[in-house]
Amino acid sequence: MVIQPNSAFSWTKSSYSGGNGACVEIAVPTTEAIAVRDSKDPDGPRLTFDNSAWSTFVSDVAGGAYPLA
């Protein structure tokens, strides 16, 4: 699925966002996909994940698979 840059979805930023400009936002354009964009470039590219891939990523992050600085 390709998400057009000017698509009007309801984008959400994490409540953990520190306001330092290094944030991502997500939207749910369909029931089968999650879209992700850089909050500093709202008209820029988006990544799209199917629900299974997004669920795996979130579980991996919660489990410490990606060390955070």
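See the structure shown above.
Along each chain, the written sequence defines residue order, and numbers are assigned to residues from 1. Whole-chain, interface and lining totals are the exception, using all residues; otherwise, since this is a predicted model, local features are given only for residues with pLDDT of at least 70 and side-chain atom pairs are given and counted only at 80 or more. The basis for every side-chain value is the complete set of non-hydrogen atoms in the structure, without hydrogens or water.

## A word on the packing of aromatic side chains
So, point 1. Ring pairs are drawn from Phe, Tyr and Trp, using the six-membered ring of Trp, whenever the two centres fall within 6.5 Å, and their geometry is named by plane angle: stacked under 30 degrees, edge-to-face over 60, tilted for the rest. Within this structure, the stated rule accounts for three aromatic pairs.
So, point 2. Between Phe49 and Trp54 the ring centres are 5.7 Å apart and the planes differ by 45°, which places this aromatic pair in the tilted class.
So, point 3. One aromatic cluster is present, built from ring pairs that chain together Phe49, Trp54, Phe57 and Tyr66.

## Looking at the environment of Val36
So, point 1. Per the convention used, a helix needs a DSSP run of H or I reaching at least four residues, while a strand needs a run of E reaching at least two, with both numbered from the N terminus. Examined against the element boundaries, Val36 turns out to sit in strand β3 (residues 33-38).
So, point 2. For Val36 and Glu25, which are eleven residues apart along the polypeptide, the C-alpha to C-alpha distance reads 5.7 Å.
So, point 3. By the convention used here, residues are in contact when the closest approach between their heavy atoms is within 4.5 Å. Discounting residues that sit within four places of it in the chain, Val36 has contacts with Trp11, Val24, Glu25, Ile26, Pro45, Arg46, Leu47, Phe49 and Trp54.

## Some words on the sheet that holds β3
So, point 1. Judged by pairing direction, the sheet is antiparallel, and its four strands sit side by side in the order β1-β2-β3-β4 without closing on themselves. The sheet is open, and its two edges are formed by β1 (12-13) and β4 (46-50), each paired on a single side.
So, point 2. We call two strands paired when DSSP finds no fewer than two bridges between them. Strand direction decides the pairing type here: β1 and strand β2 (residues 24-30), joined by two bridges, are antiparallel. Note on β2: the bridge partner recorded for Thr12 is Ile26.

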